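Per-entry structural report
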Amino acid sequence: MTRNKAWLRVSVGAMALTGALASAGTAIAQSADIITVTAQRREQSVQDVPIAVSAFSAADLRDSSIDGVEGIADRTPGFTMTRFNIGEPQLYIRGIGSTSDSAAGDPSVAVSIDEVYIGRAGGGALSFFDIERVEVLRGPQGTLYGRNAAGGAVNIITARPDAASQFTELTVGYGDYNDIHLSAVLNGPLGEGSSAAGRLALLYQSHDGYSESVPSGTDLGGASSWGVRGSVSWDSGNWNFLAQADYAQDDTDGQARVPVPGPNTNPAFIGLIGAIRAGLNDRQSFSSPDTFQSRDTFGALLRADTSFGELDFTSLTSYRRLEFSWYDDLGGLPAPPYVLGVDDFSEDEAWQFTQEFRLSRTLDNGAFWVAGLYLFHEEVDRNERFVVDAFPPLPAIASGDVTFFQEATNQSAALFAQMTWPLADTLNLTVGGRLTYDSKEIFARGVDNQTPGGPFPGIPLGPPPGTAYPNGASGSESWTEPTWRLALDWRATDNVMLYASYDRGYKSGLYPSQAQSAAQATTPLDPEILDNFEVGMKSTFAEGRGIFNVAAFFTDYQDLQVYELLGLALSTSNANAEIRGIEAEFAFRATENFEFGGSYAYLDAQYTSDAVSNLGVLPYNGNQLTRSPENQFNVYAALDLPIASGTARARVDYNWTGDFFFDPSNAPETLVDAYGTVDARLSWGPDNANGDISLWGRNLTDETYPVHIIKNLDIAFSVFAPPRTFGAQFRMRFGN
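Residues numbered from 1 in each chain as written. Predicted model: local features only at pLDDT ≥ 70, side-chain atom pairs only at ≥ 80, totals over all residues. Heavy atoms only, no water.

Counting across every chain of the model gives 40 salt bridges. When the shortest N-O distance is used, the salt bridge between Arg 681 and Asp 63 registers 3.6 Å. Taken as a pair, Arg 681 in strand S37 (residues 675–686) and Asp 63 in helix H2 (residues 58–63) lie far apart in primary sequence, 618 residues in all. A residue is classified by how much of its surface remains accessible, and Arg 681, at 6% relative accessible area, is buried. On the basis of relative accessible area, Asp 63 is assigned to the buried category, the value being 16%. Linking Arg 320 and Asp 246 is a salt bridge whose minimum nitrogen-to-oxygen distance equals 3.1 Å. Taken together, the residues Arg 320 in strand S20 (residues 311–329) and Asp 246 in strand S16 (residues 239–252) connect sequence positions 74 residues apart. (Salt bridge = Lys/Arg side-chain N within 4 Å of Asp/Glu carboxyl O. Helix = DSSP H or I, 4+ residues; strand = E, 2+ residues; numbered from the N terminus. Buried < 20%, exposed > 50% of the residue type's maximum accessible area, 1.4 Å probe, protein only.)

Given below as structure tokens:
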């Protein structure tokens, strides 16, 4: 069966199921557990939004022991997260993501905190504390979210101050690997009878390393972090204001890289690695004990809301700063006796300023429109140093010591508008558009520290035709692109909504990092353009006790920005791709005490062209897109039982990810075999809901799977996910 015929049959089957449910509707019960989201810049039930959205409330996060975006990805169809380090998370939605670390590059999945776009992938601490909800929008969000939301958007909404409640909430936790969690939230009015309120959230957490550095016997992978967020809200006349500031610091002991030979690995290397690592397991590495990662983030936000007659106005002003440094031993083997040692050092400093103005109105006939202006300015300084030691049989010229410097100024401005208009009582038309202007300026240097001026600069600047450019080179480019959204949604019955949409997405061009010449460093990759066609259904059933949502989509991708490590040289290029998929989410409260559900994603994501790069033509046509498992699912079950003047709650999650590649070449050593993990939480809390005590466990089957792979010499130098962990937590709230 051909690929297109298979897709057609699956799509027809999904629509037949949609139609069957539409004709068998029942009324939505008032008690349905449906989350209110602001995915379209207004408050709506997640079941009323004609977009594929997964939403997680604060209770959902707590019940599933989710403390970061990784846990969200496990439970969201079509969402995959890997990470090179804490400052370079790699988010992929529907096969669309980025591994670029360039100062003049951008992520493909937009992450926002309280509606503020985070320009650097690691610019917002991705651990969750005092969170109201998390929204994941799947597919391009080019109208309301704009640039760099090609794959989708992750919205993290923190809890706001509440003048009607005064309380202090404390949480203490401890687990294996000396896992410590301490957090506190203080909330209350600022004065008796005042509408002003303040909220302060504090977090400290740490754990010992999951792996061992063999040379020293010390831990690798240990981490500690702390953060604070303070916010104040107040009214002044017809205005409501929210002022917020946050700071976070993260430090780790570095990563344990382990070489995993592939089917094409030279037998001599297999024997050498086997001899070096004899008697060791996957949690033991020769990575240097001096490796580390360190990140500091700071942010400030001022939000102002008011009404001018029937017009609602919002202003969002923000500033964010990031400082990030790390040292990684990319080989994880002693050299010699191994033939290659690579030490990688990097420092990043970035700051951004954003301003958004929005006007919106709800008309008497139920129509809603929103329009706005968005401004973005970012300054990034980045340097990365590679120290390479090569030994026979590799040539001596493979050794070297080189540093790449980038200074980038990235700016963006956009005008946008979107309207939803009722064509009939049950039929709505949504039309939106955005015009985005992006500009980027770069100053780049490639410095040979070991043999300045010599003919053979070290890897990855060399070997020839790579050449050092110590005096630097400058480049600038700008792009202007329209994006849009067209959608119809039909309320087929009281509890079934069908929708169809066409979205144009866009991601700005970029200047590559680790360029091998001044010309490459100042020649930008083309912007990404994609068209997404989608049909979907959102439904409830069994008098509101069940939810079933499904979406089917086709994405035509032009000039996807692709990165591949060839040897130790970074190849950058554009390629075309097509993506087809189906996603489903399901939840059902079978009884007052028992609930089960899950999600599923089918993804067929392939390159449809080769790529022409600085290193030649790369044969990608027909390859699977990176981080794009064909099948992915999550299932869960939760049970509530009244026990001793309180309620005990047990929840178990099983998360399964199919095979996927870490690399666009689909080299066999970059294939991640399918794996499944089990997480669980058991809690008990008194009926007054002022606290609980819980036991939690993650990866209970102790699955070993990589969260990052670097390929070299047909070997996968891998970092593995944490092993089985478990612990206990106590939470208590004082006040009302």
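A few words now on the confidence of the model for the protein. Close inspection of predicted coordinates is inappropriate for parts of the model with low pLDDT. A residue-level look at the protein finds 94% of positions with pLDDT of 70 or above and a mean pLDDT of 90. No element of the protein has a lower mean pLDDT than helix H1 (residues 3–22), at 38, and none a higher one than strand S30 (residues 594–607), at 97. A low-confidence stretch, residues 1–32 stays under pLDDT 50, and its non-local contacts, those more than four residues away or across chains, total 42 contacts. (pLDDT = per-residue confidence, 0-100. Contact = heavy atoms within 4.5 Å.)

Further remarks concern the sheet that holds strand S6 (residues 109–113). The five strands are arranged S3-S8-S9-S6-S7 in an open sheet whose pairing can be described as mixed. At either end of the open sheet lies a strand with only one pairing partner, and these are strand S3 (53–57) and strand S7 (116–117). (Pairing = 2+ DSSP bridges.)

Looking now at empty space enclosed by the protein. All told, the structure shown has ten cavities of 30 Å³ or more when counted by the stated rule. In this structure, the largest cavity encloses a volume near 700 Å³. What lines the largest cavity is a set of 45 residues, among which Thr 99, Tyr 563, Glu 564, Leu 565 and Leu 570 lie closest to the centre. If you list the elements that add at least two residues to the lining of the largest cavity, you get strand S5 (89–93), strand S21 (340–362), strand S22 (368–390), strand S28 (546–566), strand S29 (569–589) and strand S39 (706–712). The element contributing the most residues to the lining of the largest cavity is S28, with six residues. (1 Å grid on protein atoms, 1.4 Å probe; cavity = no way out; pocket = protein on both sides within 12 Å on 5 of 7 lines; lining within 4 Å. Points joined across faces, edges and corners; volume = space filled by probe spheres on them.)

A cluster of nonpolar side chains, contributed by Phe 594, Leu 639, Leu 641, Ile 643, Trp 684, Ile 693 and Phe 730, occupies part of the molecular surface with about 580 Å² of accessible area. By secondary structure assignment, the location of Leu 641 is in strand S33 (residues 631–642). (Patch = residues over 30% accessible without salt bridge, like charges linked within 9 Å, V, L, I, M, F, W, Y side chains within 5 Å. Areas by Shrake-Rupley, 256 points an atom, 1.4 Å probe, with all protein chains shown as cover.)

Leu 333, Tyr 338, Leu 340, Val 342, Phe 386 and Tyr 469 are the most contacted members of the largest nonpolar core, which totals 38 residues. At the level of secondary structure, the elements contributing two or more residues to this core comprise helix H4 (267–276), S20, S21, S22, strand S23 (400–424), strand S24 (427–448) and strand S40 (715–720). Not counting chain neighbours up to four residues away, the residues in contact with Tyr 469 comprise Phe 404, Ala 444, Arg 445, Gly 446, Leu 461, Ala 515, Gln 516, Ser 517, Ala 518 and Ala 521. Residues Ile 72, Met 81, Ile 93 and Val 134 belong to the second largest nonpolar core, which totals 20 residues. (Core = buried A, V, L, I, M, F, W, Y, C linked by side-chain atoms within 4.5 Å.)

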